[in-house]
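Inside the fold
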Amino acid sequence: MRKGTLRQILLITDGCSNHGEDPIAMAALAKEQGITVNVIGVLDQDTIDENGLREIEGIAMAGGGVSQVVYAKQLSQTVQMVTRKAMTQTLQGVVNKELKQILGSNASLEDLPPEKRGEVMEVVDELGETVELEVLILIDTSGSMKTKLPTVKEALFDLSLSLNARIGDNQFSVFVFPGKHGNTEKVLDWTPNLESLSSVFPKLTSGGLTPTGPALREAVAFYFEKKRSLRGLISGDESYFEESSM
Amino acid sequence: MNHTLKNHLCKLSVGTVVVGKWHHHAYKIIKLLGNGANGAVYLAESKRGLVAIKVSDSNTTILSEVNVLKRFSKVQGVALGPSLLDVDDWFDPSVNRLIPFYVMEYIRGEEFFTFIKKRGKEWIIILMLQLLSSLEKLHKEGWVFGDLKPENLLVAGMPPTIRLLDVGGTTLQGRAIKEFTEFYDRGYWGLGSRKADPAYDLFAVAMIMIHACYPRKFERKENARQQLSEMIQADATLRKYHKVLMKAIDGTYKQAIEMKRDLVAALHHNDLLKKESQPPLRKTRNQRKMQRKAKKRGGIVETAVIVATLLFAYVLYLYGQVL
């Protein structure tokens, strides 16, 4: 179990998609492939519109992840919290699955008396600390998000600060959408440290379309590609944690 | 789903009776004590009297906090956090779900800042020294408190004693801090990592002291270290602790006890300076003079006692003569 890797997509956006496939469907696709999708909605001074909110919650639910809507100012704290929460959620799913194997098909954590749950939780805690984590960060740079990008960058530094305090290894990569020549554009390939982001971020230009669905699909494809190339390299199946219902 | 459930848990109405599924204890909600991202704490009435009860939509939160509270209770003879009384699930009919909760001792007290405002700034240092003693014990057990902030400090009892609340951030040393608040987090200030070590808590202690003297919250600037250093220098209460606070901010202290010792030293150093505003050399001469004066005074008393005794003996003698 300890050798596994958690895979997440972290989508940072401020509203509704208006181009391409349904992002909720693409999030479901990601989940099918063992990738959790988390969404952070960034608010302006005023509130987010109802449709945007529904889409944000829908993507996270379909992607087996966590969603949170915040003001730009609170972004740092939220990004790390959402990521940690989703990790715990996934790991607890994994541990629950193991429990079912030990205790029988209908058993879950809630069927254990509270006194006995503590040890299970310690296992989850321990895994959360040591597991390898891959986070693909997908940033909406369309329209009004542009002014929030410096805050987003700060939040991502903060995220790597939090996650690199863990014992387990981390890999990050960053994509923005829409890209210069397509739906998405890779701005940072897999790296353990987000510090290198500073050089690529200011160059971004933002356009009008918001292709959230296609961007998610391409992110999943990027994960798939990585897995395949790894498989070719070490000719063994790389294990990863699959999200399971709790 | 999570969102509405969370809202619901923050708004349990007064009089709601929470009954445990496993242990069947009943708790009647009296009022909301506080709520955060991970749940809500209520004051409740039970057979054992008043208790604090924490409900959450997340089993994980409840379980890891219970784990920490259990460890706390093993640290004997010191009240690090509230003691744990019960852990259970409650079937809430209005959401048709099992809600995990735990019950702890209700600590009647005042929030740190409220207390300082009422009783005066001189309490800051005393309460911080108490806090450092508690932290020392916690660190010795291999833990770091993590989310150390005034809201999690309660001043209770007579004599006023500081108590730690909300163990959600308590982390084993060497791991990543579980929960924190930016303003008190050395990572946010760019002054260290989020790996749990005793120095992480000591940084927060320094920030609490600064915040106690600058009630309005401020934001970090380009050079955070210099910014904090200047703020400490500019405040009359903090100035005397400048060296100690900067050492805590830089993460120089490896143990709470070291910081405590230096704070005490700074406190008394200041008292000496206050008494005599003359330079140190003069001061020693002055002290010597005072000592001499004291000696002289001692001599006079001695003489007086001898004279009194002699007089008394003489009077006795005269009395004897008369008889």
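So, a few notes on the structure that sits alongside this text. Just so it is clear, the model here is predicted, and its values are computed rather than measured.

A word on the overall build of chain B. When helices and strands are counted, chain B shows 10 helices and 11 strands. Within the span of chain B, comprising 323 residues, buried residues form 47% of the whole. Nonlocal contacts in chain B, meaning residues at least 24 apart in sequence, comprise 55% of its contacts between residues at least 6 apart. For chain B, the computed accessible surface area is about 17,100 Å², with 57% contributed by carbon and sulfur atoms.

Moving on, we come to the overall build of chain A. Helix and strand content of chain A: six helices and six strands. In sequence order, the secondary structure elements of chain A are arranged as β-α-β-α-β-α-α-β-α-β-β-α. Scored against the burial criterion, the 246 residues of chain A give a buried share of 54%.

Let us now look at the nonpolar core. Core analysis: the biggest nonpolar cluster contains 64 residues, and Phe112 and Leu148 of chain B have the highest contact counts within it. No other element matches helix H5 (residues 198–213) of chain B, which puts 11 residues into this core. Formed by 42 residues, the second largest nonpolar core is a distinct cluster that contains Ile12, Val42, Val82 and Ala86 of chain A.

This part takes up the packing of aromatic side chains. Tallied over the entire structure, the rule returns 13 aromatic pairs over all chains. The interplanar angle of 50 degrees and the centroid separation of 5.4 Å between the aromatic rings of Trp190 of chain A and Tyr223 of chain A together place this pair among those described as tilted. Highlighted residues: Trp190 of chain A in strand E6 (residues 185–191) and Tyr223 of chain A in helix H6 (residues 212–234), separated in sequence by 33 residues. For the pair shown, Trp190 of chain A and Tyr223 of chain A are each scored as buried. Relative to Trp123 of chain B, the ring of Phe115 of chain B has its centre 5.3 Å away and its plane inclined at 85 degrees; by these criteria the two rings are edge-to-face. Both residues of the pair, Phe115 of chain B and Trp123 of chain B, count as buried. Through successive ring pairs, a cluster of aromatic residues spans Phe183, Tyr184, Tyr188, Trp189, Tyr214 and Phe218 of chain B. Note that Arg220 of chain B overlies the ring of Tyr188 of chain B, its terminal NZ or CZ placed 4.2 Å from the centroid.

Residue and element names in this part refer to chain B. The strand order across the open sheet formed by three strands is E7-E9-E10, and the pairing between neighbours is antiparallel. The open sheet terminates on both sides in strands that have one partner only, identified here as strand E7 (109–111) and strand E10 (161–164). Neighbour-to-neighbour, the strand axes of the sheet open up by a mean angle of 35 degrees, direction not taken into account. Note that strand E9 (residues 153–156) and E10 share four bridges and pair antiparallel. If you follow Leu154 over to E10, its bridge partner there is Arg163.

So, on to a nonpolar patch on the surface. Together, Tyr314, Tyr317 and Leu318 of chain B line one region of the surface with nonpolar side chains, adding up to about 330 Å² of accessible area. Its location among the elements puts Leu318 of chain B in helix H10 (residues 280–322).

A few words on the interface of chain B and chain A. Listed by partner, the interface residues are 31 residues for chain B and 32 residues for chain A. Taking both partners together, chain B and chain A bury about 2,600 Å²; carbon and sulfur atoms supply 47% of that area. Sorting the residues of chain B by area buried against chain A places Leu63, Arg175 and Arg194 of chain B first, and these three jointly supply 21% of that buried surface. Seen at the junction of chain B and chain A, the total is six salt bridges. For Arg175 of chain B, the salt bridge identified is with Glu126 of chain A, shortest N-O distance 2.5 Å. Our count for the contact surface shared by chain B and chain A stands at 13 residue pairs in polar contact (both at pLDDT 80 or more). Contributing elements (two or more residues each) for the side of chain B that touches chain A: helix H1 (2–10), helix H2 (59–74) and strand E5 (84–92) of chain B.

Oppositely charged side chains may form a pair once their charged atoms are brought near each other. A full pass over the atoms with the stated rule returns 21 salt bridges over all chains. Residue Glu105 of chain B is joined to Arg163 of chain B by a salt bridge in which the shortest nitrogen-to-oxygen separation is 3.5 Å. Taken together, the positions of Glu105 of chain B in strand E6 (residues 97–105) and Arg163 of chain B in strand E10 put the pair 58 residues apart, joining distant regions of the chain. For Asp185 of chain B, the salt bridge is made with Arg194 of chain B, and the minimal N-O distance between the two is 2.8 Å. For Arg194 of chain B, a relative accessible area of 1% translates into the label buried. Several salt bridges share partner residues, and in doing so they unite Glu21, Arg217 and Glu218 of chain A into one network.

Attention shifts here to the side chain of Lys54 of chain B. Residues and elements named next belong to chain B. Note on placement: Lys54 falls in strand E4 (residues 49–55). A polar side-chain atom of Lys54 sits 3.2 Å from a polar atom in the side chain of Glu65. The contacts of Lys54, once residues within four sequence positions are left out, are Asn38, Gly39, Ala40, Val41, Ile62, Glu65, Pro100, Phe101, Tyr102 and Met104.

Let us look at the sheet that holds strand E5 (residues 170–177) of chain A. All names here are of chain A. Strand order in the open sheet formed by six strands is E3-E2-E1-E4-E5-E6, and the pairing between neighbours is mixed. Taken across any chain shown, the strands that pair with only one partner, and hence form the sheet edges, are strand E3 (64–71) and E6. Across the sheet, the mean angle from the axis of one strand to that of its neighbour is 15 degrees, orientation sign disregarded. Note: strand E2 (residues 36–43) against E3, six bridges, orientation parallel. Bridge pairing in E3 links Gly41 to Val69. Packed on one face of the sheet, helix H2 (residues 50–62) meets strand E1 (5–13), E2 and E3 and runs near 150 degrees to E3. Against the sheet, helix H3 (residues 75–103) engages E1, E2, E3 and strand E4 (132–140), with an angle of about 165 degrees to E3.

What counts and how
- Residues numbered from 1 in each chain as written.
- Chains lettered and ligands numbered in written order.
- Predicted model: local features only at pLDDT ≥ 70, side-chain atom pairs only at ≥ 80, totals over all residues.
- Heavy atoms only, no water.
- Helix = DSSP H or I, 4+ residues; strand = E, 2+ residues; numbered from the N terminus.
- Buried < 20%, exposed > 50% of the residue type's maximum accessible area, 1.4 Å probe, protein only.
- Contact = heavy atoms within 4.5 Å.
- Areas by Shrake-Rupley, 256 points an atom, 1.4 Å probe, with all protein chains shown as cover.
- Core = buried A, V, L, I, M, F, W, Y, C linked by side-chain atoms within 4.5 Å.
- Phe/Tyr/Trp six-rings, centres within 6.5 Å; stacked < 30°, edge-to-face > 60°.
- Lys NZ or Arg CZ within 6 Å of the ring centre and 35° of its normal.
- Pairing = 2+ DSSP bridges.
- Axes fitted to C-alpha atoms, helices over the stretch in contact; angles between N-to-C directions.
- Patch = residues over 30% accessible without salt bridge, like charges linked within 9 Å, V, L, I, M, F, W, Y side chains within 5 Å.
- Salt bridge = Lys/Arg side-chain N within 4 Å of Asp/Glu carboxyl O.
- Buried area = accessible area lost by both parts, 1.4 Å probe.
- Polar contact = N/O pair within 3.5 Å; in protein donor to acceptor, adjacent residues only side chain to side chain.

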